[in-house]
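Structural overview
What follows is each chain in one-letter form.
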Amino acid sequence: MSELAMEWWVPQRPEEVFAAFEDPFRQRRWYGAPPGGLRLGEEGESEVGEPLRVNLLDERERPLAQICRVLEVEPGRGLVMELTWEGREDYGRETTRVSFTLHPAEGGTRIEVRQGPFSSREAEQAHRAYWEANMGRLARVVSGEAVPCFEEFWEESSGFVEPLGQAAHAVLAGLREAGAAPEVVAQVEETLYTHLGRLPEETARVLGAVLRARLHGGLPGGGG
């Protein structure tokens, strides 16, 4: 059995960081998705003691879920929760306990994450990569960055299935991150939401594959 212990520092105060845990709008921008994956939504209650299921896609677009239950909350200081996975063997089958502790440090916050016990080294290392991805997004969120949220696209578009839905989200996220004018982003969003659902399934699959290949420079002459 082993335990994972990791730390990060951000320049914001503990109460500012904790707000990103409490506020659902900000929380779903950083918490849940594994590296390269996406968050689709949650089921249940986020109240202390109540189970919450977070539905996800992994980096290969396979469905998985995280079932968590908050055990303790200390406002502005951190929280403790239990965590179990469905559909992801490398994360392990056991239920582990995770603690987030926010320490004032050097004018900002030292975020301490501890988790365990793990029954295998593989599960421990998989969670190390998982928290690196989540904490990286958290740092962006608390800095005020507008981190794109696939869950919102999923809800607003009535759950367009991959690969087209994810390709469309990548376009919208890319526009935002490139600094496109809000009216341009809104126009593209409206076009996508209006017309994607009308496409035949086969057409949507092909278009999605082509669009994603272009986004990743995978087609000759179609690079960027």
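The structure presented is a predicted model; accordingly, all values stated were derived computationally and were not measured.

The rules behind each value
Residues numbered from 1 in each chain as written. Predicted model: local features only at pLDDT ≥ 70, side-chain atom pairs only at ≥ 80, totals over all residues. Heavy atoms only, no water. Helix = DSSP H or I, 4+ residues; strand = E, 2+ residues; numbered from the N terminus. Buried < 20%, exposed > 50% of the residue type's maximum accessible area, 1.4 Å probe, protein only. Contact = heavy atoms within 4.5 Å. Polar contact = N/O pair within 3.5 Å; in protein donor to acceptor, adjacent residues only side chain to side chain. Phe/Tyr/Trp six-rings, centres within 6.5 Å; stacked < 30°, edge-to-face > 60°. Lys NZ or Arg CZ within 6 Å of the ring centre and 35° of its normal.

Further remarks concern the environment of E94. Relative to the assigned elements, E94 resides in the loop between β5 (78-86) and β6 (96-105). Under the relative-accessibility criterion, E94 is labelled partly exposed at 21%. Sequence spacing of E94 and L83 is 11 residues, and the spatial spacing of their C-alpha atoms is 8.5 Å. Leave out the neighbours within four places in its chain, and E94 touches L83, T84, P117, F118, S119 and A123. Within the structure, E94 has its side chain in polar contact with the backbone nitrogen of S119 (distance 2.8 Å).

Quick look at the environment of G108 now. By secondary structure assignment, the location of G108 is in strand β7 (residues 108-118). According to the relative accessible area criterion, G108 is buried, its value standing at 3%. Sequence spacing of G108 and P11 is 97 residues, and the spatial spacing of their C-alpha atoms is 4.1 Å. Residue contacts for G108: discarding those within four places in its chain leaves W9, V10, P11, Q12, P14 and H103.

A separate point is the side chain of N55. You can see N55 is positioned in strand β3 (residues 51-57). Judged by relative accessible area, N55 falls into the buried class, the value being 19%. When sequence neighbours within four positions are dropped, the list of residues in contact with N55 reads R39, L40, G41, E43, L64 and A65.

A full pass over the atoms with the stated rule returns 10 aromatic pairs. Centre to centre, the rings of Y91 and Y130 are 5.9 Å apart; their planes meet at 65°, and the pair counts as edge-to-face. In this pair, Y91 sits in the loop between β5 and β6 while Y130 sits in helix α3 (residues 121-142), placing the two residues 39 residues apart along the sequence. Accessibility classification places Y91 together with Y130 in one group, the buried group. An aromatic cluster is defined as three or more aromatic residues linked by ring pairs; in this entry it consists of F18, F21, W30, Y31, W85, Y91, F100, Y130 and W131. Against the face of F25 rests R29, its NZ or CZ located 4.0 Å from the ring centre. Directly above the aromatic system of Y91 lies the positively charged group of R88, at a separation of 4.7 Å from the ring centroid.

The analysis is restricted to geometry; functional conclusions fall outside its scope.
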